[in-house]
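# Structural features, examined
Chain by chain, the residues:
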Amino acid sequence: MTRLGFLGAMNRDLVVQQDCATVLDALGIDAVPLVETPIADAQAQRGANVLQELGAADYLGGSAFNAARVAALLNGDNAIDLAFFGIAGTFGKSWPHLEALQFWGFDTSYVETSAQPPATCLAIVEQAGRTLLTAHGANAAIADWLEREQAALVAAIACCDVIHITSYLDPASPDLIARILGQARSRNPDLIVSLDPGMAWIAPGRNGLARLLAQTNILHLNCEEFTRLLGEADPSEIGTGLQSYWLVVARSHEGVTLHSEEGPAPYAPELQDMDVRDATGAGDTFCGAFLWSYCRDMTSPRRAVALGFALARHKVGMAGPLALTEAERRDFLAQLDEAEW
């Protein structure tokens, strides 16, 4: 059975649909709109209270957790073996992320529990996009955890067929994760690393990102990230720094381009008009669906792209994380056979 792992943050997401400037003023936080800005835990707690007064929705989130949720939604037949790696924070008297992962059938042997609250992300959503204010929470201990549990993580990740990595705010994390991946690959040369670095890792750059890219087989980028990382360069230039048989999955609101050694393969389906209610987590939805489909058939990344795009588009039409009935799940999977390239 194919084993798919996820390593990344587990957050508490408070999402409010308001004018960004007005909310930032109410929070008393100086931040650049439409990007992710680190804030202190105390600011996050005060901000959570302000956003709740503004009617914010409160969700379990985090990029890796969101992607894992989607993979579990699709994995009704348990055809894929799922695992998660990370630190679960305490909310109330429980660890809600850990409990959710266990309910969905994940192996959580390498999820550490913390007495600290989950990382808090204040998401301000408006027509132009999202402004994210994120505090470390339990993830403040991520570098210590990666170093302390390095040997165990190497052994566990080497047992995966595919591992999906998402960013942490700690600047030491890319280097530490790259080291773990390199050692895991030495044990399992067939390990496939999927990376969604986000602007949190792309914008600062640094050598850690380059080392992480050198361990990557599948690189996920949205439009902004693609432009920031590549500029005017051809995607094949970054491909030379990835693992052999690399894929760069560049997604936009209109479609996806799958870049590989064979050149670009654009996917631009005919789109119907729809009301966008909440784009938070759409990229993670794409990644979770893409990876689940890819693990089912690694010879068909295009089918994985089609499913990821369809579910991401479905997600932006609803408030909160992706939800699917069993009938909807069957319909989306059936549509894969009709996807045209």
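Everything below is about the structure printed above this text.
Let me sum up the structure you'll find in this document. Keep in mind that this is a model prediction, so the values were computed, not measured.

## Some points on the nonpolar core
By size, the foremost hydrophobic cluster in this structure holds 49 residues, and its most contacted members are Leu 4, Phe 6, Phe 84, Phe 286 and Phe 290. Counting residues in hydrophobic clusters, the runner-up holds 42 residues, among them Trp 145, Leu 176, Trp 201 and Leu 242.

## Focus: the sheet that holds strand E1 (residues 3-7)
Taken together, nine strands build an open sheet; the order of strands is E6-E5-E1-E9-E10-E11-E12-E13-E14 and the sheet is mixed. For this open sheet the edge positions go to strand E6 (107-113) and strand E14 (263-267), each flanked by a neighbour on one side alone. Mean inter-strand twist for the sheet, computed between neighbouring axes without regard to direction, equals 15 degrees. Here strand E11 (residues 218-222) runs beside strand E12 (residues 247-251); their pairing, made up of five bridges, is parallel.

## Let's talk about the side chain of Asn 139
If you trace the backbone, Asn 139 turns up in the loop between strand E8 (129-134) and helix H5 (142-148). Looking at Asn 139, the relative accessible area reads 6%, which means it is buried. Setting aside residues no more than four positions away along its own chain, Asn 139 makes contact with Ala 9, Met 10, Asn 11, Ile 87, Ala 119 and Tyr 168.

## Observations concerning the packing of aromatic side chains
Each aromatic ring pair is characterised by the separation of its centres together with the angle its planes make. Enumeration according to the criterion identifies six aromatic pairs in this entry. Look at Tyr 267 and Phe 309: their rings are 6.1 Å apart centre to centre, the planes differ by 90 degrees, and that puts the pair in the edge-to-face class. With a gap of 42 residues between them, Tyr 267 in strand E14 and Phe 309 in helix H13 (residues 301-316) connect regions that are remote in the sequence. Each member of the pair Tyr 267 and Phe 309 is classed as buried. Relative to Tyr 294, the ring of Phe 290 lies with its centre 5.9 Å away and its plane at 10 degrees, an arrangement referred to as stacked. Of this pair, Phe 290 and Tyr 294 both sit in helix H12 (residues 282-296), four residues apart, which is roughly one turn of that helix. Grouping residues by exposure puts Phe 290 and Tyr 294 together as buried.

Cut-offs applied
- Residues numbered from 1 in each chain as written.
- Predicted model: local features only at pLDDT ≥ 70, side-chain atom pairs only at ≥ 80, totals over all residues.
- Heavy atoms only, no water.
- Core = buried A, V, L, I, M, F, W, Y, C linked by side-chain atoms within 4.5 Å.
- Buried < 20%, exposed > 50% of the residue type's maximum accessible area, 1.4 Å probe, protein only.
- Pairing = 2+ DSSP bridges.
- Helix = DSSP H or I, 4+ residues; strand = E, 2+ residues; numbered from the N terminus.
- Axes fitted to C-alpha atoms, helices over the stretch in contact; angles between N-to-C directions.
- Contact = heavy atoms within 4.5 Å.
- Phe/Tyr/Trp six-rings, centres within 6.5 Å; stacked < 30°, edge-to-face > 60°.

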